[in-house]
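# Understanding the architecture of this molecule
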Amino acid sequence: MTLGNQDRPATGSPSPAGTPTSEPIKAIKLRHPWRIAIAVVLVLLLIWFLIDASQRDAYGWPNVGKYIFDRRISAAALVTLQLTIYSMIIGVVLGLVLAVMRLSPNPVVKSVAWLYLWIFRGTPVYVQLVFWGLFSLIYPKIFLGVPWTDWGVNFDLGFMQNAFIIAIIGLALNEAAYMAEIVRAGLLSVDAGQEEAATALGMSWGQTMVRIVIPQSMRVIIPPTGNEVISMLKTTSLVAAIPLTTDLYGVARDISASTFTPIPLLIVASIWYLLFTSILMVGQYFLEKRFSRGVSARRPDRGEPALATGALPAAGAPDGNDLGGKG
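Given the structure is predicted, the values throughout are model-derived calculations rather than measurements.

### Considerations on the overall build of the protein chain
For the protein chain, the count of helices and strands is 12 helices and 2 strands. Counting from the amino terminus, the protein chain carries its helices and strands in the arrangement α-α-α-α-α-α-β-β-α-α-α-α-α-α. Sorting the 327 residues of the protein chain into buried and exposed places 29% on the buried side. Considering only contacts in the protein chain between residues 6 or more positions apart, those separated by 24 or more positions represent 69%.

### Structural notes on helix α3 (residues 71–102)
Between its terminal C-alpha atoms α3 stretches 46 Å, which fits the 46 Å expected from 32 residues at 1.5 Å a residue. Where α3 begins, the capping side chain belongs to D70, and its oxygen is found 2.9 Å from the backbone nitrogen of R72.

### Thoughts on the pattern of salt bridges
Summed over the entire model, instances satisfying the criterion amount to 5 salt bridges. A salt bridge links E181 to R121; its shortest N-O distance comes to 3.9 Å. A residue pair is termed long-range when its members are at least 10 positions apart, and E181 in helix α7 (residues 163–188) and R121 in helix α4 (residues 107–122) qualify at 60 residues. Between R184 and E181 there is a salt bridge, and its shortest N-O distance comes to 2.9 Å. Placement of both R184 and E181 in helix α7 is noted, with a separation of 3 residues, approximately one turn of the helix. A network of salt bridges, in which partner residues are shared, links R102, R121, E181 and R184.

### Some words on the pairing of strand β2 (residues 152–156)
Where strand β1 (residues 141–145) and β2 come together, 5 bridges link them in antiparallel fashion. Across the sheet, the residue bridging to I142 is F155, located in β2. Hairpin connection of β1 to β2: 6 residues between the antiparallel strands, including W148 at a positive phi of 60 degrees.

### What about the environment of I165?
Along the polypeptide, I165 turns up in helix α7. Separated by 78 residues in sequence, I165 and S87 have C-alpha atoms that sit 9.9 Å apart.

### Some thoughts on the packing of aromatic side chains
Under the defined criterion, the tally for this structure stands at 10 aromatic pairs. With 5.8 Å between their ring centres and 55 degrees between their planes, W272 and F276 make a pair best called tilted. Residue W272 and its partner F276 are located together in helix α11 (residues 262–291), separated by 4 residues, close to a single helical turn. What makes F276 buried here is its relative accessible area of 11%. Between Y285 and F286, the aromatic rings sit 5.2 Å apart at their centres with planes inclined by 75 degrees, giving edge-to-face as the arrangement. The class for Y285 is partly exposed, based on a relative accessible area of 48%. These aromatic residues form a ring-pair network of at least three members: F131, W132, F135 and Y139.

### Describing the packing of helix α5 (residues 125–133) against α7
Running from amino to carboxyl end, α5 crosses α7 at an angle of 140 degrees, the nearest separation of the two axes being 9 Å. Judged by the inter-axis angle, α5 sits oblique to α7. Two packed elements cross with a definite hand, and for α5 against α7 that hand is right-handed. In this structure, α5 uses V125, Q128, L129, W132 and G133 to contact α7, whose residues at the interface are I166, A167, G170, L171, L173 and N174. Considering only residue class, the contact of α5 with α7 consists of 7 nonpolar, 4 polar and no charged.

### Quick notes on the nonpolar core
In terms of nonpolar packing, the biggest core is built from 37 residues, with L83, L98, Y116, W132, V239 and I242 touching the most fellow members. Mapped onto this core, the elements with two or more residues apiece are α3, α4, α5, α7 and α9 (205–235). Take this core: its biggest share by element is 13 residues, from α7. Here Y116 is in contact with L94, L98, L173, A176 and A177, once residues within four sequence places are set aside. With 18 residues, the next largest nonpolar core counts I68, A77, I255 and Y273 among its residues.

### Section: the confidence of the model for the protein chain
In the predicted model, the protein chain carries a mean pLDDT of 82, and the fraction of residues at 70 or more is 83%. Highest mean pLDDT in the protein chain belongs to α3 (94); lowest belongs to helix α12 (residues 293–296) (61). Here residues 1–12 is a poorly scored stretch, pLDDT under 50, and it has 8 contacts once near neighbours within four places are set aside; other chains count. Below a pLDDT of 50 lies the segment residues 297–327, which in the model reaches 18 contacts outside its immediate sequence neighbourhood of four places, other chains included.

Calculation rules
- Residues numbered from 1 in each chain as written.
- Predicted model: local features only at pLDDT ≥ 70, side-chain atom pairs only at ≥ 80, totals over all residues.
- Heavy atoms only, no water.
- Helix = DSSP H or I, 4+ residues; strand = E, 2+ residues; numbered from the N terminus.
- Buried < 20%, exposed > 50% of the residue type's maximum accessible area, 1.4 Å probe, protein only.
- Contact = heavy atoms within 4.5 Å.
- Expected span 1.5 Å × (residues − 1).
- Polar contact = N/O pair within 3.5 Å; in protein donor to acceptor, adjacent residues only side chain to side chain.
- Salt bridge = Lys/Arg side-chain N within 4 Å of Asp/Glu carboxyl O.
- Pairing = 2+ DSSP bridges.
- Phe/Tyr/Trp six-rings, centres within 6.5 Å; stacked < 30°, edge-to-face > 60°.
- Axes fitted to C-alpha atoms, helices over the stretch in contact; angles between N-to-C directions.
- Parallel < 35°, antiparallel > 145°, perpendicular 65-115°, else oblique.
- Left-handed = near helix turned anticlockwise from the far one by under 90°.
- Nonpolar A, V, L, I, M, F, W, Y, C, P; charged D, E, K, R; others polar.
- Core = buried A, V, L, I, M, F, W, Y, C linked by side-chain atoms within 4.5 Å.
- pLDDT = per-residue confidence, 0-100.

This is the structure:
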């Protein structure tokens, strides 16, 4: 006669006469001695490099300490941050518009967005910045009106002679092409059933996007967007193509040209870049943690009680990773 679940002896409890007692298996953590050995070697190599670098006069450590907090360097670091923030804001907004255009059922709108992405992703950003630096020479004014008549409006593009504004426009237009694909991938990652359920509940398209689609897509959008912000911070060093020389790398290069100390000034610029990048990475970590709460909570390695090794579940009962229900 088959015993029911209530008649099965629990693991570790006294068993019937003549049957050995079942005990949970004591798992021993697998050791990795080679990992420790490689880590020790890498740490020793790093210490050796630091000691050797500290003794080389070519690095010019006194000059590094002299210029690390120089006013010109600090002001240039602020310009670099402004370029990064303004360019990313414009790039994200324009990228969102392009992503919606790519998902539009209108073939004309979709083709325009695809053409934009093809041009700005297919040409180097340095070449684009050079072009925008010469844009005011090619088009000093733009006339919008009826062809072959005087009816229209003239737009003076004198503001395009401002190198700072040109740098923001050039960086933002290039960034928008990449942000469009990131946003589009995030929106497509949300199951279509979510939108159908929201519509069934009486939500409008705007409410569905704000309350349902966008919060879930942020889990996919934030990691690559954080990478794009860090990449934009370093891409600002290319604005010399416009030319704009008030950024961090441009000022460090100008100081090194006048003092004949290129290596110390490169180290100074690198330290500032590393500082900003580290802050951005910390912010990205907390944003990812904030928007992935619903997903991380379901992972079995995040504190969920697991079934003891050696214990067998009762017939028909869900295992340690089963949430129950049909299936």
